[in-house]
Structure formats: structure tokens, C-alpha cells
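Letter by letter, the chains look like this.
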Amino acid sequence: MIKKLTVLLLIAMMMLSLGATAAAQDDMDIYVLGVALPFTGSFGTFGQDFERGIDLAVAEMNAELEAAGSSIRFETASADTEQTPEGAARALQTIVQTTGAQVVVGPLTTAEVLGAKQFADENGVVIVAMASSGPAASIPGDNIFRVIYPPDTFSSKAFATIALERGHENMVVLHVDDAFGNGMNEQFTKNYQANGGGEVAAFAYAPQSTELSTEAAAVSAALAGFGDTAGFFCVCFPGAAEAFVQVAQIDPVLTSVQWLGNEAMTSDEMLEDPGHAQTLANANFVTVSQSADTTPLTPIFNEAFMAMFDKEPGIFTNYAFDAANIAMLTMLAAGNDGAAVKSMLPFISNHYIGTAVQAFLDENGDQAIASYGIRQVLEDGSGFYVIGTYDGNNDTITYK
Amino acid sequence: MGGGYTARVSTRYQGAEIMTALLELRNLRKDYGGLRAVDDVSLTVPEGAIIGLIGPNGSGKSTLINLIAGATQRSAGRVIFAGDDISDLPPDAVFKLGIARGYQEPALYLKLTVLDNMLLPVKNQRGEGPWYAPWWRTWHNEEAKHAERALAVLEQVQLLQQYDTLASDLSGGQMKLLEIARSLMGQPKLLLLDEPTAGVAPKLAYEIFEQIARLRREHGITFLIVEHRLEILFDFADTVYVMHLGNLLAEGSVAEIANHATVREVYFGE
Amino acid sequence: MPPALLTTSLVNTIQIGSLYALMALGITLTFSVMKLPNFAHAEFVTAGAYAALIVSLSGVLNPLAIMAAAFVVGALTALISHIAVFKPLENREVSLYTLILASFAVGLIIRYILFLMADYFNLFDLRIGIPLTILFREGSLILSNLFAWVVPTSILLVILLTLLLNATPLGREMRALANNSILARVIGIPVERVKNYTWLLVGGLAGVAGALWGLQSAVNPLMGWAAIISVFAAAILGGLSSFSGTILGAYVVAFSENTLMLFLNFNFGVDLAYKPAIPFIIIIAVLLLRPQGFTEIFRRAGDLDR
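Residues numbered from 1 in each chain as written. Chains lettered and ligands numbered in written order. Predicted model: local features only at pLDDT ≥ 70, side-chain atom pairs only at ≥ 80, totals over all residues.

Could you give me a rundown of the overall build of chain C, with the residues and numbers involved?
Across its full length, chain C carries 11 helices and 2 strands. Each helix and strand of chain C, ordered N terminal to C terminal, gives the series α-α-α-α-β-β-α-α-α-α-α-α-α. Taken over the C-alpha trace, chain C has a radius of gyration of 19 Å; the compact-globule value for 306 residues is 19 Å, and the two agree within 12%. Long-range contacts, defined here as pairs at least 24 residues apart, represent 78% of the contacts in chain C between residues at least 6 apart. (Helix = DSSP H or I, 4+ residues; strand = E, 2+ residues; numbered from the N terminus. Rg over C-alpha atoms; globule rule 2.2 N^0.38 Å. Contact = placed C-beta atoms within 7 Å.)

Structure, rendered in C-alpha cells:
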């Protein structure tokens, strides 16, 4: 009996508190901005940091709207994609069905974006992704927009060019077995071989792997088979990247070749382990990833982020901030309606310069201006520094 | 309450060494749904006696044993052991008080050796604890003492040769003997045996009862034995109780029972 | 398949097989003594790994101290799981399926507690701070300090566990419980106490395995869960009751995932991404063709046959 009463009391309290917020915002137009990101799994830290970037954008926007006397306010509703395609679909469904959100920022990886695609297309919900780059999601006319970060069709060219510049006659690729990893491998191989590169031996590892000694042995054997002139390209997720370097650091072949790799290899966790940092330093590790460009907004964003969360924004967090801004600006212009947002988002995006680069979308709804930073690990392994930039639109590398 | 029942000790044993009732059942009843398996049974087991319990299949003998051992919950009545009411105790508590039992199908650890089977019931072993178990020195002497006793008991029941054999490799009769021997390790006062000779060759069956008689003689252990082989039981039992349809039909010495008209009628079909 | 690859893969087989053995023995012990196929075992491993990580981050880099901390935390996690969940369920005499589901739930709860903790203190994908060095090198045979810790520790612990089980009164009671738990109660074995000790032992071993696994890869809340299918495959190969069978099973699984996988990759182009399918194939094949696993190969010798 007491149990029942407690439950009833709790329900009553919940309803009261809901009613209270509803009353306070009675005269407001609430636009819900969905946030679907991986909050758990090896990308969990990314997801959580991205959410902070989005929260900052929403807070700034609401402050401006209030100051301007607007009745519109943005609210976020977030759900965990669990870093899987199925999880992303569930997250999107949860957000849309519980809040009626028309626009969702996220998810993170291409596999998650593709997982959420069907629900978004069928329900007229617009997805604004900030870091998905796999060419597999470059589809014209769908409800998916991938702003700020360009597809890997560009960066794969830069990786291929660097590999050739470094004189690698053959390449060994280790990549995650998902839309992003497979796409990067295909594009890289195509570009590398089109420009005079030799054989490419590719090994895929299962996305959930946490232990990669088998893969390291296979990569090592393939490199040994090619001889001294081969290079190694690692397209790994965080977690798997550390696990791979952990076993690779005592492999005589892997420690004697040069490495290229995606940005997951440049995480703080990686450099915190001295053995890992040293391995990357010895391998002259180079990555082509987020833009080295800055805009007048970049330092403002960094300061505001520090002020709000008392920590520095992580890698790509400003992209999440920019994506949220593009989504909100479009909603302000077109209204809280998926179809209108879909129709108008390219126009708004093409008039937006955020914290990194000019946003500009191609016919697939993907970022078309491709600007990257090329980073190399410091000799003592203590950090990464920018050695150059890559302009994907003109396919030119500029070293500093 | 102890005084109350000592006064009712069967007069038959007066003048002998046996003076007190070790076990007393008072109006014990067990119902399974509508079926009354044990109906208002009262009996007394004097200390140091060998008591036989006979009756046709389904007469409630095994249920009675289970009720005493705490394996079955009574419907009514009381079980008094050594002056204490044990009616509601769980089997392990009953065991601790000194009532051990043997089963129709010998209940042994078949994957363990004979000696292991013997050592398991020993109470309060030092090496049982996780802090002592890894340090051989702390419990080795004690273990050696227990093992010595176990081997001595095994020798009594002629199983010494097989101490390192897996229990599953023993013959049916040997298993029965091991079961009895194991119950001795807990230094029981009363042993409840359910058909100790079932499935055992006649010669070994007789040996089992000789062991029982010796254990009573040498250790003063009291026995309550359910048995179908009356020819053997009658050679050893002091008193025999006859059960029929859950009721106690008769009680008496072997000679009395063997000549009891009603018993012969229901039991031997005469 | 080049000889260097064969050598490396065999070294990996031994190293990873030893870790699998350490984890799988706990599963076999839980199943034999407690009659519970415990999927939360994965999280005992992870909890131990996090204990090891936190100790190493606090500046203690003595591997023995790290493993001791992992043992204690793993053991306590297991005991708490037993007292809070498994024991009350057993007292209600629930079915095996309920217990299996409960073990999934316990694992999930521990996993997400670890997630919360890892998130709060930012402890994702970190490594236990013992640097990796090469101890021995002869041609393509390379043995690291990690190998020197993992393999002897695992073998030593397996030997100690076998001794404890077969040569002490506590072990005798565990075997008795595994053999016939109803009888155990009747003849006065302190069943609940023995179960508590068994959980401590199982959790402790899992914790140490977690510490060693965290040296091998990186520590994250999913690490134990990622390994559990391989570990269950090893235990199922051991028929869930035989110690020697489980150890052999662990090496068979590790061999299939390393040497056999690389052989298939190198000679027949089978994608390495199929590696996670191997333990599933083993489990299905064993259950279909030989449900008793290796138990019949190793009769007797103190095994935990039911």
C-alpha cells in the first residue's frame, strides 16, 4: 500500500514539475534540436564533448533570441547511438517520437549516419552530421546533410599523395570494417594506384575489437613481404588504435616503417602512454584531418567553451558547434518543419562561416570545400603540430 | 520438559544399560494433499537400540525417516531428540545434532575418492577457510588426524583398501558401507538407515548388519532401520515396528512380531 | 604462410590463450559449483582491469601490487553480485534461464557503473602504465616483458587453483558441491560459506585476468564483454565442468583466432574481420557435435564433472 502511495506521489510530483516548466514557457515557441551521438563506447568521449559544443551553441542562440525579444527558444533532446547503426536508428526514433523533433544534429560515424538514414528519410526528419566522412553516405536528395567536414574522397587523395611523396612503393592498410573504414580504404587505394602507387594489401578488423594482435601480425607479415619501401596506413577507431599500437610497438617490421593514419591515432590517450607516443614518433606518423584554418570566430568559441565547461574543446568539437548553428539558423529561417529545413539548409549553409571553414554543400548534401590540416607527431611524442595544409578542391598540399 | 518423557521409557529395557529414550515421535502426521502418508505415529527409540521399521511398500516408512531427518515438513505432531524438540529444524541442523542417515540409493560423492567422502562431514575444519586453505601448515596436522580416524573407520567396515578409489567405482554393497562409515565421521548418536541392504548380495547384506551390530556395541550408536529383508533384520533388531497405510500396526520384540497375527496377515499375506 | 608470421601468431596464441584460460576457469568453476553460466564474469574482468589501471595511475607500477588490487576488486565485485542478486534468486529456486538473464543484467549494471566512472574521471582506452619492452629476441621469435608476466602468472594461478581444489579441505568441499549440492547440505557442509569463498576466488581470478588483459590491450568498460564470447567458447570446449578441458579449450580458441585465422587470411584471403565469428563457430560446432567438449578426454584427475 505504502509502495503504491509512493509511486503515485512520485508520478504526481513529476506531473507537477512538468506542468511548472510548461507554465513558465507558456508563451514561448520551443524548437527542439535533437542530438544523436555515441555517449558510450570508444567514441563516448567524442560524443560527450560534441554535446557540450552543441549546448554552447544553443545557449548562445537562446541568449541572443531573448535579447532580441523573440518568442522562439531552442531546447536539445539527446539520445545515445551506442556507436552502432542500429543504436543510431533507435536514438533517432526515440528523439523524434518523444519530442517531435524535426532536425537532429549527429550522429558521428558514417555507419551510424547510414543506420539512421531510413528513419530520417521516411519521417521527413533532417540529419545534420558534423564528422561523418565516408563516401558511402554521399547520396543526392536524401534527408542527410554532412556539413563542415568533407567526405573522405578528398582526404584519401591527400593520404595517397603523401604516401607517394614519401616513396612508398607498396602500401599496407589496416582499417575498421565499417562504412567509414571500407570507404577510406577503397578511395585511398584508387587514388594511390592511379598516381603510380604499387600494390595495396588491406586488412579489415571487426569494429568491436579491443585486441588486435592477430591484425598486427598480419600487417607486419604483409609489410615484410613488400620489403623496405612499403608504408603503413592505419584507419582505426579509438580504443582499437591504442590496442593496435600496444602490440605493434615491439614488432620489428612495424617499428621500422613510416605510418599514416586517421585522427583517432592522435588522441590524448594515445600520447599519454610513452611507449605509444614513441612508436608514433619513430614512425614519422602523419595524419590528414580537421582543418587547420581558423576564423575570427575560432578564438571566441574556444574562450566561451572554456568559460562554460572549464576545459578545452576536444578535436572536432567546434564542428559540432558549427553544425548546431547551421541547423538552428535554418530552423529560424524556415520554421520548425523538416521539409522546409531540408529545402533551405543548403542555402543557409552556403552563407555560413563558422569556427573552421566556409560551409558549402555539393549535390549530395556533403561539405564541398575541403580544407585539411596535415599533422605530424613531435619527435619526443609529446604532441602533434601542423606541418602543412591540404586544399582538397585543388588537390594541393602546402607544407609550412 | 525433559523429565516428562524419561518417565515413559519402555519398561522392557529397564535393568539393562539402556536407560533413556533417544528419539521420541509424538502423534506425528504427514499429509500429501488428500493422502495421509503418516497417520498419528508415536514411537520411542531407546538409546543404544537397533530398531527395525517394516511394512509393505507405501506404508509410510520412508516418509517417517524423512520427517525425523528434517527433509520433509510434518503436518502435525512432534519429534523429540535427546530431550529437544527438533520438529522444525532443517536437515543440516538435524545432522549437526547427531542424526545421520543413509539412503536407499547410496548418497555419495561419486566423483570423489572414498577418503574424500569420509572427510567431508567433519565439522569445523581449519582448512575450510580461504585464509587457511592456501597455507598447508596451518591445517595439515588436523587433516592428518581426521584422515587417520577416517581410515580407522574404513578399516572397520573393510574399505581400507579402497580409500583412494573413486566412490563411483565401488560395488553396491561397498557404497552402502561407505555411506554408513561416512555418517560415523560426524559422530552421530542416531543413524537412520533406509534399506541398507537393498540391491546387495545376501552375503554382503549379512555383513552390513554385522557391522551395524558392532557399531552399536563399540560406539553405542542407536539405529533406526527400514528393511525389507526380514530374515536378516530379525537376527539383529531389538524391537520392530510395523507400519501399514501410515499407521503403526504393531510393536514388539522380533519373536512377538514374527508371530503377530495381524502383521502376518497384512505383511506376509497369510 | 611465412615462418615469421607463424612464430608471432604462436606466441600470441600462448599469450592470449593463457589469459583466456584464466578467465574461462572462473566460468567453469561458477558453473560447476554454483550451477550458473555467469555472463557477468566479463564485468568482473573489467572491474579488475579498472582497479589495476587506477592503481597504476596513482603511481604504483609494481605488477604484483597491481594484480593484488585487481584480485581484491574482482573478488569483491563477484561476492557483492552473489549476495545482492544470485543468492536471493537461488533461495527462490528460480529456473536456470532466470539465472542466466540475471547474470546478463548484473553484467550490464556493473558495465554501466564502470562507464559512469570512466566518463567522470575520463578513463577510456588508457593503458596500465607498465611500459612494454622486448625481453628476448631470436630471429622472428620475440618475447616481451608482457609475455613474461602474462604466461607464468596465468600458469601459476591455474596450478594454484588446481592444488587448492584438489588438495585442501576447502577445495574438497567445492568439489563436493559441484558433484552433489543437495547431499552437501544434508551432510553438514557449510554450503553458503563455501559458495561465498568460491565467488571470491572466481572474481579474484577474473580481476587478475583483467589486469593482465589491460596490459595486453587498452582498458575500457567494454573490454571484458568483448572477450566473453571467446572465453565462453573455451569453457564450453571444456564441457563447462573439466578444468584440464577448459585450459585446452582456451588455447584452442586462441589458436583458432590467431594462427588459424592468419593461415586462412594468408592462404585463402579470408578477411580478418571474421575473427569475432570464430568463437561462435566453435560454440555452435561443440554444442552440435560434441556437447561434452573435452571432458571425455580427461577422465578423473579431480575434474568438476557433475
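After that view, the rundown keeps rolling.
Describe in detail the overall build of chain A, supporting the description with residues and values.
Helix and strand counts for chain A stand at 13 helices and 13 strands. Rg of the C-alpha trace for chain A: 22 Å, near the compact-globule value of 21 Å for 400 residues, within the 12% margin. The dimensions of chain A, computed from C-alpha atoms along their principal axes, are 70 × 55 × 40 Å. Relative to its 400 residues, chain A shows a buried fraction of 58%. Of the contacts made within chain A by residues no fewer than 6 positions apart, 70% connect residues no fewer than 24 positions apart. (Buried ≥ 20, exposed ≤ 12 C-beta atoms within 10 Å, placed from the backbone.)

Can you tell me about the interface of chain B and chain C, naming the residues and giving the values?
Taken residue by residue, the interface counts 24 residues in chain B and 20 residues in chain C. Looking at the side of chain B that touches chain C, the elements with two or more residues in it are α3 (91–97), α4 (114–119) and α5 (136–156) of chain B. Looking at which element gives the most residues to the side of chain B that touches chain C, the answer is α3 of chain B, with 4 residues. Across the side of chain B that touches chain C, the residue classes break down as 14 nonpolar, 3 polar and 7 charged. (Nonpolar A, V, L, I, M, F, W, Y, C, P; charged D, E, K, R; others polar.)

Please set out the sheet that holds strand β3 (residues 103–105) of chain A residue by residue, giving values where relevant.
Residue and element names in this part refer to chain A. Read across the open sheet, the 5 strands follow the order β2-β1-β3-β4-β5; overall the sheet is parallel. Each edge of the open sheet carries a strand with a single partner, namely β2 (72–80) and β5 (144–146). Neighbour to neighbour, the strand axes of the sheet diverge by 25° on average, direction disregarded. Where strand β1 (residues 29–37) and β2 come together, 9 bridges link them in parallel fashion. Directly across from isoleucine 30, in β2, lies its bridge partner arginine 73. (Pairing = 2+ DSSP bridges. Axes fitted to C-alpha atoms, helices over the stretch in contact; angles between N-to-C directions.)

Any details on helix α1 (residues 3–34) of chain C? Residues and values, ideally.
Residue and element names in this part refer to chain C. Helix length check: α1, at 32 residues, gives a terminal C-alpha distance of 45 Å against a target of 46 Å (1.5 Å per residue), a fit within 8%. For α1, a buried count of 26 out of 32 residues is recorded, marking the element as mostly surrounded by other parts of the structure. Two residues or fewer past α1, lysine 35 is found with a positive phi of approximately 55°. (Expected span 1.5 Å × (residues − 1).)

I'd like to hear about the environment of serine 181 of chain C, residue by residue, with values.
Following the sequence through the fold, serine 181 of chain C ends up in helix α7 (residues 181–186). Between the C-alpha atoms of serine 181 of chain C and alanine 206 of chain C, which are 25 residues apart in sequence, the distance is 24 Å.

Explain the pairing of strand β4 (residues 126–129) of chain A to me, using residue names and the numbers behind them.
Residues and elements named next belong to chain A. A two-sided burial pattern is seen for β4, the buried positions comprising Val126 and Val128 on one face and Ile127 and Ala129 on the other. One ladder, built from 3 bridges, connects β3 with β4; its direction is parallel. Directly across from valine 105, in β4, lies its bridge partner valine 128. Crossover handedness for the path β3 to helix α4 (residues 110–123) to β4: right-handed. Inspection of the sheet shows β4 paired to β5 by 3 bridges, in the parallel sense. By the bridge assignment for β5, isoleucine 127 is matched with isoleucine 144. (Right-handed = clockwise from strand over helix to strand, strands pointing away.)

Explain the interface of chain C and chain A to me, using residue names and the numbers behind them.
Contact with chain C, which involves 36 residues of that partner, is made by 34 residues of chain A. Looking at the side of chain C that touches chain A, the elements that each hand over two or more residues are α1, α4 (96–121), β2 (141–144), α9 (223–237) and α10 (243–268) of chain C. A total of 6 residues in the side of chain C that touches chain A trace back to one element, the largest contributor, which is α1 of chain C. Of the residues assigned to the side of chain C that touches chain A, the class counts are 20 nonpolar, 10 polar and 6 charged.

How would you explain helix α11 (residues 297–309) of chain A if you had to name every residue and give the values?
Taking 1.5 Å of rise per residue, 13 residues should cover 18 Å, and α11 of chain A covers 18 Å from first to last C-alpha, within 8% of that figure. Immediately downstream of α11 of chain A, the backbone of aspartate 310 of chain A shows phi near 60°, a positive value.

Help me get a handle on the sheet that holds strand β3 (residues 50–54) of chain B, residues and values and all.
Residue and element names in this part refer to chain B. Spatially, β6-β7-β8-β3-β9-β10 is the arrangement adopted by the 6 strands of the open sheet, whose pairing is mixed. Each edge of the open sheet carries a strand with a single partner, namely β6 (99–102) and β10 (247–252). Direction aside, neighbouring strands of the sheet carry axes that sit 20° apart on average. In the sheet, β3 pairs with strand β9 (residues 239–244) via 4 bridges, with the strands oriented parallel. Across the sheet, the residue bridging to isoleucine 54 is valine 242, located in β9. Of the strands in this sheet, β3, β6, β7 (190–194), β8 (222–226) and β9 touch helix α2 (residues 61–69), which is tilted by about 150° from β7. Across the sheet, helix α6 (residues 172–185) is in contact with β6 and β7; its angle to β6 comes to roughly 170°.

Summarise the nonpolar core; cite the residues concerned and give the values.
Residues Leu33, Leu92 and Phe244 of chain A are the most contacted members of the largest nonpolar core, which totals 312 residues. Top contributing element to this core by residue count: α1 of chain C, with 15 residues. If we ignore the near neighbours within four places in the chain, the residues touching leucine 92 of chain A are Ala36, Val104, Ala116, Phe119, Ala120 and Val125 of chain A. (Core = buried A, V, L, I, M, F, W, Y, C linked by C-beta atoms within 7 Å.)

For the packing of α1 of chain C against helix α5 (residues 145–167) of chain C, give the residues involved together with the corresponding values.
Residues and elements named next belong to chain C. Where α1 contacts α5, the two axes come as close as 9 Å, and the packing angle between them is 35°. For the pair α1 and α5, the crossing hand works out as left-handed. Mapping the contact onto sequence places Val11, Ile14, Gln15, Ser18, Leu19, Ala21, Leu22 and Leu25 in α1 and Phe147, Val150, Val151, Ser154, Ile155, Leu157, Val158 and Leu161 in α5. Classifying every residue of the contact of α1 with α5 gives 13 nonpolar, 3 polar and no charged. (Left-handed = near helix turned anticlockwise from the far one by under 90°.)

Tell me about the pairing of strand β6 (residues 170–176) of chain A, and name the residues and values.
For a regular strand, side-chain orientation follows a simple rule: the groups alternate between the two sheet faces. Residues and elements named next belong to chain A. For β6, a buried count of 6 out of 7 residues is recorded, marking the element as mostly surrounded by other parts of the structure. Two elements, β6 and strand β8 (residues 230–235), share 6 bridges in a ladder whose sense is parallel. For histidine 175, the partnering residue across the bridge sits in β8 and is valine 235. In this sheet, strand β7 (residues 200–205) lies alongside β6 in parallel orientation, the contact comprising 6 bridges. Paired with methionine 171 across the two strands is valine 200, which belongs to β7. Taken together, β6, helix α6 (residues 179–194) and β7 form a β-α-β motif whose crossover is right-handed.

Give me the lowdown on the packing of helix α3 (residues 63–91) of chain C against α4 of chain C, citing residues and values where you can.
Residues and elements named next belong to chain C. Their axes nearest at 11 Å, the elements α3 and α4 cross at an angle of 145°. In terms of crossing hand, the pair formed by α3 and α4 is right-handed. Here Thr77, Ser81, Val85, Phe86 and Leu89 of α3 come into contact with α4, specifically with Thr98, Leu99, Ala102, Val106 and Ile110. Looking at the contact of α3 with α4 residue by residue, the classes come out as 7 nonpolar, 3 polar and no charged.

Please give an account of the confidence of the model for chain C that cites residues and values.
All names here are of chain C. Taken residue by residue, chain C gives an average pLDDT of 88. The fraction at 70 or more is 96%. At the level of individual helices and strands, chain C shows its lowest average pLDDT in α7, which scores 75, and its highest in helix α2 (residues 41–57), which scores 95. Here residues 299–306 scores under 50 on pLDDT; set against residues more than four positions off or in separate chains, the count is 26 contacts. At the level of chain-chain contacts, confidence expressed as ipTM amounts to 0.85, with global pTM at 0.80. (pLDDT = per-residue confidence, 0-100.)

Lay out the environment of asparagine 185 of chain A in plain terms, naming residues and giving numbers.
Residues and elements named next belong to chain A. The topology assignment puts asparagine 185 in helix α6. Residues asparagine 185 and asparagine 282, spaced 97 residues apart in sequence, show a C-alpha to C-alpha distance of 24 Å. Among all residues touching asparagine 185, those that are not within four sequence positions of it are Val173, His175, Ala202 and Val235.

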